[in-house]
Amino acid sequence: MPLQDQLLAYFRLDQRVRAMRSRLDAAINRQAAQERRLAQLNQQAQELTAQHKQAQAHAATLESEANEREAKTATLRDRMNSVTSNKEYSALLVEVNTGKIEQGKLEEAALAALAKADELKAQLDELQGRVDEQAKLVEATKQEVKDAGDEVGEQLETLTAERDAAGEPISPAARKQFDRLVVVHDGEAMAGIEEQNRRRMEYTCEGCYTMIPVETVNALITKPDEVVVCSNCERILFIPEEIRDALGAAKS
Ligand SMILES: [Zn+2]
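Residues numbered from 1 in each chain as written. Predicted model: local features only at pLDDT ≥ 70, side-chain atom pairs only at ≥ 80, totals over all residues. Heavy atoms only, no water.

(A) The pairing of strand β2 (residues 202-205), seen in detail. Pairing of strand β1 (residues 190-197) with β2 involves 4 bridges; the strand directions are antiparallel. When the bridges of β2 are listed, I193 appears paired with C205. Between β1 and β2, which follow one another and run antiparallel, lie 4 residues, and M201 among them has a positive phi close to 55°. Hairpin remark: β2 followed by strand β3 (residues 211-212), antiparallel, with 5 residues in the connecting loop; positive phi at Y209, about 65°. (Pairing = 2+ DSSP bridges. Helix = DSSP H or I, 4+ residues; strand = E, 2+ residues; numbered from the N terminus.)

Written out as C-alpha cells, the structure is:
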C-alpha cells in the first residue's frame, strides 16, 4: 500500500476512535455539569431550611412572650379586684393597659414572623421540587455515561487496536509528522483537497481553504509514497477518490 493510502487509512480510523471517545467524554462532562447544579440547589435548600427554622423559632418566641404578657395582665386584673385605694387602682389600670398594648404588639409581630416562615416554606417546597427534578437529570446523565461506556467500551478497544495496526506499516518519519499535526490541529492531521474548478485545475485545502498549486496536486497523484503537505496549514494532504478518478480519466 502506498504511504499516502496508509496514512489516510490510519487517519480515518483515528478519526473514528476520536469521535467515539468524544461521545463518552461529552456524556461524562454533562454528568459533571448536572451534578454541580444539583450541589448548588442543595446548598440553597440547606440555607433556606435554616432560614425557615429561624423564622419559626422567632415566631414561637414572640408567641410565648405574648402569652406571658397575657398571664401577667390577668394577674394584674385579679389584683385590681382586691385593691382599696383609687390611686392603687389607677396605677394598676395603667399597667394593665400598657400590658395589653404590649401584648398586641407581640401578637402582631408573631403573626408577621409566622407569615414569613410560611413564605419561606413555600419557597423551600418550590426549591425542593427543583432539587428533585435536578436529581432525576443527574440520574439520567449517569445512565447516559453508563450506556456510552457499555456501547463504546468494547468497540473502542477494537477500533483502537485496528487503528494501531493500521499505523504500524507507516514509516517512523511520516508517523512522527502525523503525530505532531494531530496535536497542532486537534486530531485533524490530514485534509483532502477540494475541487474548485477542474478545467482550470483549481483546488483548495479542505483544512484551511487555501489554494493548492497544481504541482502539489500532481505530486499527490504521481508520488503516492511521499508525504505531501499543504504549504499553508501543513496538514498532510490526500486526494479524494472521485477527484483522483476524474483527474486520471482526464489524463488518459
Ligand atoms: Zn491547508
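(B) A look at the sheet that holds β3. The sheet built from 4 strands is open, its strands ordered β3-β2-β1-β4 with mixed pairing. The sheet is open, and its two borders are formed by β3 and β4 (236-238), each paired with just one other strand.

(C) Representation of the side chain of T216 within the structure. Checked against the element boundaries, T216 lands in helix α4 (residues 214-222). For T216, the residues in contact, after removing those within four places along its chain, are V228, V229 and L237. (Contact = heavy atoms within 4.5 Å.)

(D) Summary view of the coordination of the zinc ion. For the zinc ion, the protein coordination sphere consists of C205 (SG), C208 (SG), C230 (SG) and C233 (SG), at 2.2 to 2.3 Å. Viewed at the metal, the 4 donor atoms of the zinc ion are separated by angles of 103 to 114°, and the geometry they form is tetrahedral. Taken in chain order, the donor set of the zinc ion reads C-x2-C-x21-C-x2-C. Of this pair, C208 sits in the loop between β2 and β3 while C230 sits in the loop between α4 and β4, and the two are 22 residues apart along the sequence. Judged by relative accessible area, which is 3%, C230 ranks as buried. (Donors = N, O, S within 2.8 Å, 3.2 Å for Na, K, Ca; no water. Tetrahedral: all angles 85-135°; square planar, octahedral: opposite > 155°, others 65-115°. Buried < 20%, exposed > 50% of the residue type's maximum accessible area, 1.4 Å probe, protein only.)

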